Amino acid sequence: MAALTLCPVRTAVPADDDQLAELDRSTWSTLHAVLPRPTPPYEPFFGERYPPEDFLVVEADAETEGGSPRIAGYIRLVPPTPLAANAHVRQIRGLAVATWARGTGVGRTLVRAAFAEARRQGANRITLRVLAHNDPARALYAAEGFAVEGVLPGEFFLNGRYVDDVCMGRSLGPA
C-alpha cells in the first residue's frame, strides 16, 4: 500500500458534496449499513438534515498518486438530541474511510478529531452506535477509549438475520 500524507482534518464544505457522496457509495457495506445500497438517481450528500458543518473530513495525498489531495474519510458529529439536558454530549453518526486509505490511520485520525471538536463545542461525553458484527469499527472505538454501555438485541433485521445494535460511549473529561 502506498504511503499517505494526511492533511489536517477540517470541517466539510458544500463543494465536498460530490466526493463525499462517491465515498459513501463506494464504502457501502452490510458490515455497517442499515439502509439498502444506494441506487441511481443519487441524492445529494448534504441536505437539510445533513449539513456540511456536521462533518469532519480528512484529505490525503498518496505518494504514488501525484496530483491534488482527495477526501480519504469523514466522520459525522452531532448532538444526540435537541434537548438542553444532554447538550454536553456529542454523538458520532457516521464514519467512512475510502478503500484506498484503509489501514493508514485515517479512521483513528477522524475519531480523535471528533474528540477535539466535541470538546471545542463544550461537550464532555461522546457516544455512538455500531452494529455488533462490525468488528473493525468496534476494535477502533475500543482502542480509542469507548466502552460498551448497552446492547439493543436484534435491533435490525439485515440479510435475513437479526443484528444487535451496540451503544458505546466515553468521557471526554472537562470541556
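Just so you know, these numbers come straight off a predicted model, no measurement behind them. (Residues numbered from 1 in each chain as written. Predicted model: local features only at pLDDT ≥ 70, side-chain atom pairs only at ≥ 80, totals over all residues. Heavy atoms only, no water.)

Some remarks on the pairing of strand E4 (residues 70-78)
Formally: Burial status follows relative accessibility: with a 1.4 Å probe on protein chains alone, a residue under 20% of its type maximum counts as buried, one over 50% as exposed, and anything between as partly exposed. The secondary structure listing takes helices from DSSP runs of H or I that are at least 4 residues long and strands from runs of E that are at least 2 residues long, numbered from the N terminus. When DSSP locates at least two bridges between a pair of strands, those strands are taken to pair.
Of all 9 residues in E4, 8 are buried, a share of seventy percent or more. One ladder, built from 5 bridges, connects E4 with strand E5 (residues 89-97); its direction is antiparallel. Each residue of the ladder has a partner; that of Val78, found in E5, is Gln91.

Some thoughts on the packing of aromatic side chains
Here is the rule: Geometry of aromatic contacts follows a simple scheme: Phe, Tyr and Trp rings, the Trp one being its six-membered ring, pair when their centres are within 6.5 Å, and the pair is stacked under 30 degrees between planes, edge-to-face over 60, tilted otherwise.
Counting across every chain of the model gives 8 aromatic pairs. Look at Phe55 and Tyr74: their rings are 5.5 Å apart centre to centre, the planes differ by 75°, and that puts the pair in the edge-to-face class. Of the two residues, Phe55 sits in strand E3 (residues 55-62) while Tyr74 sits in strand E4, which places them 19 residues apart along the sequence. Summarising the burial analysis for this pair, Phe55 and Tyr74 share the class buried. Pairwise contacts between aromatic rings join Phe45, Phe46, Phe55 and Tyr74 into one cluster.

Examining the nonpolar core
To keep it simple, the criterion reads: What makes a nonpolar core is a set of buried Ala, Val, Leu, Ile, Met, Phe, Trp, Tyr and Cys residues whose side-chain atoms join them at distances within 4.5 Å. Only heavy atoms matter for contacts: two residues are in contact if any of them lie within 4.5 Å across the pair.
Counting 41 residues, the largest nonpolar core has Leu20, Tyr74, Ile126, Tyr141 and Phe146 as the members making the most contacts within it. Contributing elements (two or more residues each) for this core: helix H1 (17-26), E3, E4, E5, helix H2 (106-120), strand E6 (125-131), helix H3 (135-143) and strand E8 (161-171). If one sorts the elements of this core by residue count, H2 sits on top with 7 residues. With near-sequence residues (within four places) excluded, Phe146 lies in contact with Ile92, Val111, Phe115, Ile126, Thr127, Leu128, Tyr141, Met168, Gly169 and Arg170.

Considering the pairing of strand E7 (residues 147-158)
Pairing of E7 with E8 involves 8 bridges; the strand directions are antiparallel. Note on E8: the bridge partner recorded for Ala147 is Gly169. Adjacent in sequence and paired antiparallel, E7 and E8 are bridged by 2 residues, among which Asn159 carries a positive phi angle near 50°.

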